[in-house]
Amino acid sequence: MKLLFELSKDNRRLNLIPPCDVEQVQLDERHLRKEKLNLPQLSEVDLSRHYTELAKQAHGVNDGFYPLGSCTMKYNPRIDEEVAAHPNFLGLHPTQPIETVQGALEVLYQSKQLLCEITGMDDMSFQPAAGAHGEYAGLLLIRKYHQARNDEERVNIIVPDSAHGTNPASATMAGFKVINVPSNSEGGVDIEELKKVVGKDTAGLMLTNPNTLGLFDPNILEITEIIHEAGGLCYYDGANMNAIMGRVRPGDMGFDCIHLNLHKTFATPHGGGGPGSGPVGCKDFLKDFLPKPTVEKDSNGYHFETPKDSMGQVRSYYGNFDVVVKALTYIKSLGKEGIKEASGNAVLNANYMMNKLKKYYDVAYDQICMHEFVLTLEGLKHETGVSAMDIAKGLLDYGIHPPTMYFPLIVHEALMLEPTETESKETLDEACDVFIELHKMAHENPEHLHTAPHKCLIARPNEVDAARNPILRYVFKND
Ligand SMILES: *Cc1c(COP(=O)(O)O)cnc(C)c1O
């Protein structure tokens, strides 16, 4: 496919902008561009076709099944986009006088109240712009808490070996030392091992429940109590709330602070790099440390406040406000029962798929799963030479986005599937048929899978190069 610069023809352009009707200003010589700006020149129809062609090369939730584990790539209702795109929201400026943005503050305030109710927290800040960013802010809460009590020797954050990769990274960024705790044979935290690593140096624990194996840890109350007894705090990675919203609350599991991924669970499409929102929530005793500003309400209406011992700002202004509008619309349109039904169907869909596939593929932890489950293709690879990567590539030829691969690290040849609640039984059945077909192909024609995909523009890029040396800019011949 040609790039815009390759399609460009001199003096071919689209004159969409009317002539300027304000007086032109002559800039200082030093501000003037020295060379001509090398912009592609195209007609409107060619430009439009170019972007349509590009869009066809991508795979999104609106193109087909997208079971990317831990990412909750579900369909997001259009109504949420429509409300967020209302001109009265779009036209807001973050420095407008407070009395002119009371409606926007009400959105933040109501969202805070509803999300606190869903999570069992007491207060929340919408500043963090992503899940990992929320983790970082949450860990700073823990840090400030220990500092305020002159308990500075608490430098360790305990993280299970099944944790999402961002957890140890955020803990390190926040200045803590990461202590790994292994999983037991059921995929939960090994309690005996946990007891061995807690102590006076424990600042806290970071945990996802259900974890990235899609399993709910039944020992959760005992786990959080062990940490509290040692003087540490418990941080809940709430990126996977899709499995439990409306049913179980991190606050009731003994967690002191959390983040949510509004762009996974609460109706903001994601995967293209944002905008996201990772609000950080906490129990009352931590709220003085929250990022500033928070939204409060009194008899005069809504206003911003700086929490007493605030960690300061972790982002400009109030976070990604439009994402919060979508989340509020989503929660209100589903209602209390709808939220519960969504998580119920997410879990039902995952168990349905797992049970259909386990006749062919090995399930890493064969027990009732939550929103996702993990297959291990170690046996298949041993038998046929076909790896998890080959199966994932094979799926592309059937219009299915691959599951999360080679993660969590404790499962070999892992494929982690999260079907989400928005898929129908028919879609799940069709996807299972494709998986079964690929399993057959692995035995009959492994070579076809080693060289898959056969229908995509790009088949097997060098992943290290693609990640480390991406070419993001067009290189002109005379550059
Ligand atoms: C997605 C995810 C994160 C990170 O969220 P980002 O918005 O990508 O930074 C953290 N933890 C878990 C369990 C996740 O699934």
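Further up the page is the structure itself.
An account of the accompanying structure is given in this report.

**As for the state of the cysteines**
So, point 1. Within this structure, the stated rule accounts for 0 disulfides.
So, point 2. The thiol sulfur of Cys282 is not disulfide-bonded, and the nearest other cysteine sulfur, from Cys257, lies at 7.1 Å.
So, point 3. No disulfide involves Cys432; its nearest neighbouring cysteine sulfur is the one of Cys369, lying 12 Å away.

**Some points on the packing of aromatic side chains**
So, point 1. Scanning the entire structure with this criterion turns up 11 aromatic pairs.
So, point 2. Grouped by ring-pair contacts, the aromatic residues Phe5, Tyr474 and Phe476 constitute a single cluster.
So, point 3. Arg143 extends its terminal NZ or CZ atom over the ring of Phe176, reaching a point 5.2 Å from the ring centre.

**What about the sheet that holds strand β13 (residues 414–417)?**
So, point 1. Across the sheet, which stays open at both edges, the 4 strands sit in the order β10-β11-β13-β12 with antiparallel pairing between neighbours. With partners counted over all chains shown, the strands left at the sheet margins are β10 (362–363) and β12 (404–405), one partner each.
So, point 2. Inspection of the sheet shows β10 paired to strand β11 (residues 373–376) by 2 bridges, in the antiparallel sense. From the neighbouring strand, Val363 faces β11, where its bridge partner is Leu375.

**With respect to the site of the ligand**
So, point 1. Taken together, 13 residues lie near the ligand, and Ser70, Gly131, Asp237, His263 and Lys264 sit nearest.
So, point 2. Contact between the ligand and Ala132: an oxygen atom at 2.8 Å from a main-chain N or O atom of the residue.
So, point 3. Contacts to the ligand include Asn261, whose side-chain N or O atom sits 3.0 Å from an oxygen atom.
So, point 4. Protein coverage of the free-state accessible area of the ligand, which is 390 Å², stands at 86%.
So, point 5. For the shell around the ligand, the elements supplying multiple residues, two or more each, are α6 (131–148) and α10 (262–265).
So, point 6. Among the elements that line the shell around the ligand, the one with the most residues is α6, at 3 residues.

**Looking at a negative patch on the surface**
So, point 1. On the surface, Glu426, Glu430, Asp433, Glu437 and Glu444 cluster together to form a negatively charged patch.
So, point 2. Looking at the element boundaries, Glu426 is found in helix α14 (residues 425–444).
So, point 3. Assessed through its relative accessible area of 52%, Glu426 is described here as exposed.

**Section: the pairing of strand β9 (residues 301–305)**
So, point 1. Summarising the sheet, strand β8 (residues 294–298) and β9 pair through 5 bridges and their orientation is antiparallel. Each residue of the ladder has a partner; that of Lys297, found in β9, is Tyr302.
So, point 2. The hairpin turn running from β8 into β9, its antiparallel successor, is 2 residues long.

**Considerations on the sheet that holds strand β6 (residues 257–260)**
So, point 1. In spatial order, the strands read β1-β7-β6-β5-β4-β2-β3; together these 7 strands make up an open sheet with mixed pairing. The open sheet terminates on both sides in strands that have one partner only, identified here as β1 (123–125) and β3 (177–181). On average, each strand axis in the sheet is inclined to that of its neighbour by 25 degrees, with strand direction left out of account.
So, point 2. Judged from the 3 bridges that link them, strand β2 (residues 156–160) and strand β4 (residues 202–207) form a sheet pairing that is parallel. Looking across to β4, one finds that Ile157 is bridged to Gly204.
So, point 3. Relative to β1, helix α5 (residues 102–119) is tilted by about 120 degrees, and along the sheet it contacts β1 and β6.
So, point 4. Sheet strands in contact with α6 are β2, β4, β5 (233–238), β6 and β7 (280–282), and its direction is about 170 degrees off that of β5.

Here is what the cut-offs are and how they apply
- Residues numbered from 1 in each chain as written.
- Predicted model: local features only at pLDDT ≥ 70, side-chain atom pairs only at ≥ 80, totals over all residues.
- Heavy atoms only, no water.
- Disulfide = S-S within 2.5 Å.
- Phe/Tyr/Trp six-rings, centres within 6.5 Å; stacked < 30°, edge-to-face > 60°.
- Lys NZ or Arg CZ within 6 Å of the ring centre and 35° of its normal.
- Pairing = 2+ DSSP bridges.
- Helix = DSSP H or I, 4+ residues; strand = E, 2+ residues; numbered from the N terminus.
- Near = heavy atom within 4 Å.
- Polar contact = N/O pair within 3.5 Å; in protein donor to acceptor, adjacent residues only side chain to side chain.
- Areas by Shrake-Rupley, 256 points an atom, 1.4 Å probe, with all protein chains shown as cover.
- Patch = residues over 30% accessible without salt bridge, like charges linked within 9 Å, V, L, I, M, F, W, Y side chains within 5 Å.
- Salt bridge = Lys/Arg side-chain N within 4 Å of Asp/Glu carboxyl O.
- Lys, Arg positive; Asp, Glu negative; His and termini not counted.
- Charge placed at Lys NZ, Arg CZ, Asp CG, Glu CD.
- Buried < 20%, exposed > 50% of the residue type's maximum accessible area, 1.4 Å probe, protein only.
- Axes fitted to C-alpha atoms, helices over the stretch in contact; angles between N-to-C directions.
- Contact = heavy atoms within 4.5 Å.

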